[in-house]
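# Secondary and tertiary structure notes
One letter stands for each residue in the lines below.
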Amino acid sequence: MSHRLWAPEKDVPYIHGDLPRHGIKRLIEKLVRVTTPKVDRVYQPGVKIGDIEVIETPGHTPGHVSFLYGDTLFAGDLVTSKHGKLAPSPKIMSWNSQAVTRSIAKLKSFQFDWVCPAHGEPVKRTSLFG
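The paragraphs below set out a description of the structure included in this document.

Cut-off values and rules
Residues numbered from 1 in each chain as written. Predicted model: local features only at pLDDT ≥ 70, side-chain atom pairs only at ≥ 80, totals over all residues. Heavy atoms only, no water. Phe/Tyr/Trp six-rings, centres within 6.5 Å; stacked < 30°, edge-to-face > 60°. Helix = DSSP H or I, 4+ residues; strand = E, 2+ residues; numbered from the N terminus. Lys NZ or Arg CZ within 6 Å of the ring centre and 35° of its normal. Pairing = 2+ DSSP bridges. Salt bridge = Lys/Arg side-chain N within 4 Å of Asp/Glu carboxyl O. Core = buried A, V, L, I, M, F, W, Y, C linked by side-chain atoms within 4.5 Å. Buried < 20%, exposed > 50% of the residue type's maximum accessible area, 1.4 Å probe, protein only. Contact = heavy atoms within 4.5 Å.

Attention shifts here to the packing of aromatic side chains. Overall, the coordinates contain two aromatic pairs when judged by the stated rule. Taking the centre distance of 6.4 Å and the plane angle of 45° together, the rings of Trp 6 and Tyr 43 count as tilted. Here Trp 6 is found in strand β1 (residues 6-8), whereas its partner Tyr 43 is found in strand β2 (residues 41-43), with 37 residues between them in sequence. Taken together, a centroid distance of 6.2 Å and an interplanar angle of 55° make the contact between Tyr 43 and Phe 67 tilted. With Tyr 43 in strand β2 and Phe 67 in strand β5 (residues 65-69), this residue pair connects regions lying 24 residues apart in the sequence. Ring pairing ties together the aromatic residues Trp 6, Tyr 43 and Phe 67, which thus form one cluster. A cation over an aromatic ring shows up here: Arg 125 above the ring of Phe 112, its NZ or CZ 4.1 Å from the ring centre.

Further remarks concern unusual backbone geometry. Across residues other than glycine, the phi torsion is negative in most instances, and most of the peptide bonds are trans. In the Ramachandran plot, His 83 falls in the positive-phi region, its phi being about 55° despite a non-glycine side chain. Counting through the fold element by element, His 83 comes out in the loop between β6 (72-82) and β7 (85-88).

Once that is clear, we can look at the pairing of β7. Sheet topology note: the β6/β7 ladder contains four bridges and is antiparallel. Counted as the bridge partner of Ser 81 is Leu 86 from β7. Here β6 folds back onto β7, and the loop between the two strands holds two residues, one of which, His 83, carries a positive phi near 55°.

Working definition: two side chains of opposite charge can pair if their charged atoms are close together. Applying the stated rule across the entire model yields two salt bridges. Asp 40 is paired through a salt bridge with Lys 38; the nearest N and O atoms lie 3.2 Å apart.

Another aspect to go through is the nonpolar core. Generally speaking, nonpolar side chains in soluble globular proteins are found buried as a group. Counting 16 residues, the largest nonpolar core has Leu 73, Val 79, Val 115 and Phe 129 as the members making the most contacts within it. With four residues, the single largest contributor to this core is β6. Dropping the residues within four chain positions of it, Val 115 is found in contact with Leu 73, Ala 75, Val 79, Leu 86, Glu 121, Pro 122, Val 123, Arg 125 and Phe 129.

Here's what the structure looks like:
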């Protein structure tokens, strides 16, 4: 089975190993031998892929993006959920915690009812997003 990797342009140097990763990912790379994946397609924030809006939300990584599809925000590693509550990505998991805060504030202007984080269960939009 062939897999294809799409990535935001700002993250390609980290994915390819040309620049060191941040936070806990740097430690993991030192402890575990990881095969460097090949990015097959680079995309830019602010575009649409079909009905999916790509929103630039740096913080977890320099090029982190979130995807808005209908009434659902796929927030990736920008936020986590636990016991039905959203929280910003932990500092140890983030490239820049201030950028995480700015990206969360930016998303307040978008319309969505559900948030699907990479870690945790989907939750209804909460006060974290205003």
